[in-house]
Amino acid sequence: MLQYMIILLDDASTSFCHYEVPSGERRLIHLDDLRAAIRLAMIENLTIQFVYPDYELPQEYQEVIDTIDHSDIKPLLAVTPDADVVTINGWEIDNKSLSGRVAVLRTAMSELLAHTRAVKDLLAVVQRLNVVITDLTTLTDTNREAYMHWLNEVGQTVVELYINGQSPQFNLLTDRMMLAAMNNCGAGDTCITLAPNGRFYVCPGFYYDDPENDVGDLRRGFDIKNRQLYKLNYAPICRQCDAWQCRRCVWLNRHTTLEVNTPSHEQCVAAHLERNASRQLLTSIRQKGTFLPDKPEINEIDYLDPFEKLQER
Amino acid sequence: MDDIKTTESSWQSGIAKNITFIVTKDCQLACKYCYLVGKNEKERMSWETAKAAIDYILGHEADFPEASVVWDFIGGEPFLEIELIDRICDYLKTEMFRLGHHWFNSYRFSFSTNGINYHTPAVQAFIKKNISHLSVGITIDGTRQKHDLNRIWKGGGPERGSYDDVVRNIPLWLEQFPGGGTKVTISSADIPYICESVLHLYSLGIHEVNINVVFEDVWQEGDDRRFEEQLFALADAIIDGGYYQDYACSFFSEHIGKPLDPEKENQNWCGAGKMLSIDAAGTFYPCTRFAAYSLREKKPIIIGNVRDGIDRNKLRPFLTLDRLTQSPQQCIDCDVASGCAWCQGENYDAADTPTIYQRATAICLMHKARVRANNYYWNRLFRKLELEGEREDYESNKRTVEPQNC
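As the structure is a computational prediction, the values presented were derived from the model and not from experiment.

## Some points on the overall build of chain A
At step 1: The secondary structure content of chain A amounts to 10 helices and 11 strands.
At step 2: Relative to a compact globule of 313 residues, whose C-alpha radius of gyration would be 20 Å, chain A shows 20 Å and is just as compact.
At step 3: The dimensions of chain A, computed from C-alpha atoms along their principal axes, are 55 × 50 × 35 Å.
At step 4: Scored against the burial criterion, the 313 residues of chain A give a buried share of 56%.
At step 5: In the form shown here, chain A has an accessible surface area of approximately 14000 Å², with 47% of it arising from carbon and sulfur atoms.
At step 6: For chain A, the centre of its 30 positive side-chain charges and the centre of its 44 negative side-chain charges are spaced 5 Å apart.

Have a look at this one:
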């Protein structure tokens, strides 16, 4: 069931996920389309998330936006006190401006591994940190090992933060401890995207890939073909997986395996390295005292890609 | 949609890797039901491409752990490229031996041909050289009328059927491959000729007729009833004529028309993804049906090439595909689901989105008609055998049947 509508206010709206925003001209959504989208969201009971470009919107847009309860996703450069989610592309970060905020850090794997200190510092100030590894598909045996060590090292910082009374939220490490089931990309299932052209897409990535690949528009409404394939039950690998924090990005799935319901080997391996690091983190925190007493242990497993387990059957 | 008795073409079924060389996209014929919409005379495989494919495959033995291999050659019409095929097969044999490959002496060369060039010296020399490792099927659709309805020569001018050009080679073929079976394809216009065509093929000495209705959405209102009537007539003819003792027709199988268990019988029907198909450009496909020349609506699904190898991520959807995940509820709940087949390539081509996870159901009514006729056949046959006291003897000597993928 659809619950969320993401509205890209401009073609240059910031990316908050794996997809890249092409560097092109600005194209602001038409004001009438914005009004129509808000009206549709009210009718369909959808929560709106507005995604902003790095420039200030005209006043009349802000007035229309404020006619509905919503969340704002803004790039760091345009951050204002009302931003609910701040996206970060790069490492020149003023941590003070991010204090208490939800931050999305988009980075290549090599950059992430080279900026351990910066990530630790961020974790100490933000309310929540989501790291999006933008070149996940290049995960190799070599950087896989390095990533595993990196997760464990940052995990030690998370333990220290907990000991100091903080409750850092970090998608790569703490989400798996908190979750009881899969909680990942809802694109096409719970979530739909409106692009500045007035058409709907499964997610922003599908729009930037091909604007003709729409799933409806403001006049026709939504028309998501094969919508069941965006649901967990229709994903043979994912439905029996317990790396519940995995982003399970349907756009990446489509790019790497040509099917929205099938993750790549690299996606699975990365998610399982994170899962296993979460397992270690949970054990470490519990050695310091009672922690999440209602949550079971995370089981030890002997694989990094559930596809391989499926093939053994 | 068919179950057939064990045949040469199903050699090592289930444990053999099937590797297909699309040696040419050309064919002498322009069959009206042919799913190959992009046939042409230009795309012929070069020796360099074929060699590169072989070197890649044999050089990555660990990636191909199957105990045996079927080297399949298709077109268009594969025997148009007999010189290339002969060179490929010679190279395969010497390389498998030189490398000590586990497929050496556990391989087969397989052909499905229109039969037109079967008698030519080049083809005959190839057959004689490789006969102990060879499967050849000739496609003949039945009577002259039925065959020439669809299987016509390409080119301008008045339509010219190919029956006479094929049937003259049947005796030679059966002499060399006594158990050879033929493949018959049924489209809407062929329905009135099914019974007489199968009987005609039996009369030519072909003991095994593998017959399929096409998966494409070509069916007209009332086709299922007409199909059923033809199968009733065929059932009567086979039983009354005693053909059931020595001949087989894949339309009739004891194992079709039953509900399927959602857990124990959840496997995919189609072997796409477990196979490998290579075209003239050296591009790899999960099955020939995913090459551009096979697709009406969709882009090809490419899983690699002879230079870069196989992108295993592209195989994951194929290898994790199961029956329930791709089937609509009507198929999951169907009381006569067993034996109802699908082609992953046609599913993909007909799907609403570019996915292999949407099962096409164009053959639904045809399958149900087949099940009704099938029930009639077995009930009548078994009663006859019981009344004649031959049931036990029949059961102990009956031919083994197994599902045919496509």
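## Here we look at the overall build of chain B
At step 1: When you go through chain B residue by residue, the secondary structure sums to 14 helices and 13 strands.
At step 2: Taken over C-alpha atoms, the radius of gyration comes to 21 Å for chain B, in line with the 22 Å a tight globule of 406 residues would show.
At step 3: The buried share of chain B, taken over its 406 residues, is 59%.
At step 4: Contacts spanning at least 24 positions in sequence make up 79% of the contacts within chain B whose residues lie at least 6 apart.
At step 5: Carbon and sulfur atoms provide 50% of the accessible area of chain B, an area that totals close to 16700 Å².
At step 6: With 45 positive and 58 negative side-chain charges, chain B shows a spacing of 3 Å between the two charge centroids.

## Description of the packing of helix α8 (residues 250-257) of chain A against helix α9 (residues 312-319) of chain B
At step 1: Two elements in contact, α8 of chain A and α9 of chain B, have axes separated by 7 Å at closest approach and are oriented at 105°. Looking at the two axes, α8 of chain A sits roughly perpendicular to α9 of chain B. In this structure, α8 of chain A uses His255, Thr256 and Thr257 of chain A to contact α9 of chain B, whose residues at the interface are Asn313, Lys314 and Pro317 of chain B.
At step 2: When its residues are assigned to classes, the contact of α8 of chain A with α9 of chain B shows 1 nonpolar, 4 polar and 1 charged.

## Comments concerning the sheet that holds strand β8 (residues 248-249) of chain B
Residue and element names in this part refer to chain B.
At step 1: Taking strand neighbours across the sheet as the criterion, the 3 strands line up as β6-β7-β8 in an open arrangement whose pairing is parallel. Two strands lie at the open edges of the sheet, namely β6 (181-186) and β8, each paired on one side alone.
At step 2: Of the strand pairs in this sheet, strand β7 (residues 208-213) and β8 are connected by 2 bridges, and their pairing is parallel. Residue Val209 lies in a different strand from β8, and its bridge partner there is Cys249.

## Some remarks on the confidence of the model for chain B
Residue and element names in this part refer to chain B.
At step 1: For chain B, the mean per-residue pLDDT works out to 92, and 95% of the residues sit at or above 70.
At step 2: Every residue in residues 1-9 scores below 50 in pLDDT, and together they form 46 contacts with partners more than four places removed in sequence or on other chains.
At step 3: Among the prediction metrics, the complex's ipTM stands at 0.94, with pTM recorded as 0.93.

## Section: the sheet that holds strand β4 (residues 85-89) of chain A
Residues and elements named next belong to chain A.
At step 1: Pairing in this open sheet of 9 strands is mixed, and the strands run β7-β6-β5-β4-β3-β2-β1-β8-β9 from one edge to the other. Among the strands making up the open sheet, the edge pair consists of β7 (169-170) and β9 (200-201).
At step 2: Strand direction decides the pairing type here: β4 and strand β5 (residues 102-107), joined by 5 bridges, are parallel. Bridge pairing in β5 places Ile88 opposite Leu105.

The rules we used
Residues numbered from 1 in each chain as written. Chains lettered and ligands numbered in written order. Predicted model: local features only at pLDDT ≥ 70, side-chain atom pairs only at ≥ 80, totals over all residues. Heavy atoms only, no water. Helix = DSSP H or I, 4+ residues; strand = E, 2+ residues; numbered from the N terminus. Rg over C-alpha atoms; globule rule 2.2 N^0.38 Å. Buried < 20%, exposed > 50% of the residue type's maximum accessible area, 1.4 Å probe, protein only. Areas by Shrake-Rupley, 256 points an atom, 1.4 Å probe, with all protein chains shown as cover. Lys, Arg positive; Asp, Glu negative; His and termini not counted. Charge placed at Lys NZ, Arg CZ, Asp CG, Glu CD. Contact = heavy atoms within 4.5 Å. Axes fitted to C-alpha atoms, helices over the stretch in contact; angles between N-to-C directions. Parallel < 35°, antiparallel > 145°, perpendicular 65-115°, else oblique. Nonpolar A, V, L, I, M, F, W, Y, C, P; charged D, E, K, R; others polar. Pairing = 2+ DSSP bridges. pLDDT = per-residue confidence, 0-100.

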